[in-house]
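One-letter residues, chain by chain:
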Amino acid sequence: EENQRVRNSQQTIARLASQDQLTGLSNRRFAEESYTRLYQRCLRDEHPLAVFFLDLDNFKPVNDSLGHAAGDLLLQQLSGRLQAISRADDVLCRFGGDEFLMMVALDGEEEQLTEIAQSIKAAATTPFFIMQTQIEISGSVGIALAPEHGTEFNTLCKHADLAMYQAKHEGRSVYRIYNDDMGRANIDKFNLMTQIRQALKDKQFRLFYQPKMDIRSGRVCGVEALIRWPQPDGTYIAPDDFIPLAESSGVIADIGHWVLQEACEACMRWRQQGHGSVGVAVNLSYVQFRDGLLERSVQQVLRQSGLPSSALELELTESMLIGEGDDISRQLSAIHQMGVSFSIDDFGTGYSNLGYLRRFNASRLKIDKSFITDLGVSQRDEPLVRAIIQMAASLGLHSVAEGVEDEATLNLLRQLGCDEAQGYFWSRALPEHEFIAWLKQHNTISELPHSSEL
């Protein structure tokens, strides 16, 4: 009897060690232990083994809005759906969090792979009913095949995971099969991330400056600070190639603080050197709001540089302000009370919601350059630009056109009533010493209007 109790205990421990307690599915440990058996069978039958990796899209808002109990119920319902589409010989497990893995010995038919992927995707996209609430989410699926994409369990999981992230990158609620380009891209991304961190440590980044012009007077009314990453061969890595990666890794917060500090110190130098009361605009990333330290960072930089708060403008994108609401609003309100102004960058490409313009104390709308490039020839762009300019004026905001490259465009913007502009017509973004030389040639400078003056 005592031996039987011991055996029962051992069986219970073994079951618990291989089972996910929330969903009742197998766990990652069981999947790894089962892989060799399943793969050997596939080799014998000369059929590929497919590893499907499912990750839910937008699962976090379920926990945040309805609570973790609702999130747990959703995962349990999804587990039941996945069990319903799996066969007895398949290995299905909860890999962790909102990630699930299914290993299937294929029968050799190409259509089978698509059918399974579509069934897994449908299991995630079909609406869930939790606590009398209908919840709609989606799932991205990555697929790796053995032996084509690897023969070890961890390798296949890694490749399926890479394919899943590719699916998310391409719009979510889709599936993708791993290929070698994904692996190379991941290695390149890792190497670039290492280089970004080292570049920040070694102070390799540089700020370039592009003037903003008052359209009516032709005077310089401000300058935008833009980050550049010079390379030993004299070329530059474009911001679009490293900023998104810096944002995803979180290092953008440190880069953002450096940009803010460098720009404010440079602007103060210009004032002390007698180049006028030009103000500087600095772009912000949404990541800089996450840790709640942006207010302290702005306060510290202004104090250390000695730059008046009215000379600093922070540029934010529309998408940054939508959906982040209360936390960003609180931080921006505190910064605005210091005397710092805000502009909405790339206006017209996002939600164009009028409510947040007032809520976030915006002073300027920067019309995206995609609407300015063909302004004189596009029948669609001119009415849109006119509407944005008129809307800005009615709200007491300054309108700023980006990407002005010729006099005809400038004249049309002047006719439409646009307040300010920047672009190659006046100057490209310049390193500081070149910008100072340019500034000396265009030494009629207007004080950067502060939001309270609008």
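Residues numbered from 1 in each chain as written. Predicted model: local features only at pLDDT ≥ 70, side-chain atom pairs only at ≥ 80, totals over all residues. Heavy atoms only, no water.

1. Some points on helix α2 (residues 28-45)
- Along its 18 residues, α2 runs 25 Å from first to last C-alpha, staying within 8% of the 26 Å computed at 1.5 Å per residue.
- Maximal helix bending in α2 amounts to about 35 degrees, located at Tyr35.
- Between the side-chain oxygen of the N-cap and the backbone nitrogen of Arg29 there are 3.2 Å, and the N-cap of α2 in question is Asn27.
- In the segment just after α2, Glu46 is the residue with positive phi, at about 60 degrees. (Helix = DSSP H or I, 4+ residues; strand = E, 2+ residues; numbered from the N terminus. Expected span 1.5 Å × (residues − 1). Bend = angle between axes of the 7 residues up to and from the residue. Polar contact = N/O pair within 3.5 Å; in protein donor to acceptor, adjacent residues only side chain to side chain.)

2. Here we look at the sheet that holds strand β2 (residues 49-57)
- On the basis of which strands lie adjacent, the open sheet formed by six strands has the order β1-β3-β4-β2-β7-β8 and mixed pairing. Each of the sheet's edge strands pairs with one partner strand only, and the pair in question is β1 (26-27) and β8 (175-177).
- Of the strand pairs in this sheet, β2 and strand β4 (residues 99-105) are connected by seven bridges, and their pairing is antiparallel. Paired with Leu54 across the strands is Phe100, a residue of β4. (Pairing = 2+ DSSP bridges.)

3. Digging into the packing of helix α9 (residues 252-272) against helix α16 (residues 432-441)
- Two elements in contact, α9 and α16, have axes whose closest approach is 12 Å; the angle formed by their N-to-C orientations is 35 degrees. α9 and α16 meet at a crossing whose hand is right-handed. Contact residues: α9 offers Ala266, Arg269 and Trp270, while α16 offers Glu432, Phe435 and Ile436.
- When its residues are assigned to classes, the contact of α9 with α16 shows four nonpolar, no polar and two charged. (Axes fitted to C-alpha atoms, helices over the stretch in contact; angles between N-to-C directions. Left-handed = near helix turned anticlockwise from the far one by under 90°. Contact = heavy atoms within 4.5 Å. Nonpolar A, V, L, I, M, F, W, Y, C, P; charged D, E, K, R; others polar.)

4. Describing the state of the cysteines
- Applying the stated rule across the entire model yields zero disulfides.
- Free of any disulfide, Cys267 has its nearest neighbouring cysteine sulfur in Cys264, separated by 7.2 Å.
- With a relative accessible area of 0%, Cys267 lands in the buried category. (Disulfide = S-S within 2.5 Å. Buried < 20%, exposed > 50% of the residue type's maximum accessible area, 1.4 Å probe, protein only.)

5. Topic: the packing of aromatic side chains
- Considering all chains together, one arrives at 13 aromatic pairs under this definition.
- A centroid spacing of 5.9 Å and a plane angle of 55 degrees characterise the contact between Tyr35 and Phe153, whose relative ring orientation is tilted. Remark: Phe153 occurs in helix α6 (residues 153-169) and Tyr35 occurs in helix α2; sequence separation between them is 118 residues.
- Overall, the relative accessible area of 4% leaves Tyr35 in the buried class. (Phe/Tyr/Trp six-rings, centres within 6.5 Å; stacked < 30°, edge-to-face > 60°.)

6. Points about the nonpolar core
- Residues Ile196, Phe205, Ile255, Leu312 and Leu314 are the most contacted members of the largest nonpolar core, which totals 82 residues.
- With 11 residues, α9 is the largest single contributor of residues to this core.
- Ignoring anything within four residues of it in the chain, the contact list for Phe205 reads Ile196, Ala199, Leu200, Ile227, Arg228, Trp229, Phe242, Ile255 and Trp258.
- Grouped together as the second largest cluster of nonpolar side chains are 31 residues, Phe52, Phe128, Ile135 and Ile137 included. (Core = buried A, V, L, I, M, F, W, Y, C linked by side-chain atoms within 4.5 Å.)

7. Concerning the pattern of salt bridges
- Counted under the stated rule, the structure contains 17 salt bridges.
- Between Glu315 and Lys366 there is a salt bridge; the shortest N-O distance is 2.9 Å. Of this pair, Glu315 sits in strand β13 (residues 312-317) while Lys366 sits in strand β15 (residues 362-367), placing them 51 residues apart in sequence. (Salt bridge = Lys/Arg side-chain N within 4 Å of Asp/Glu carboxyl O.)

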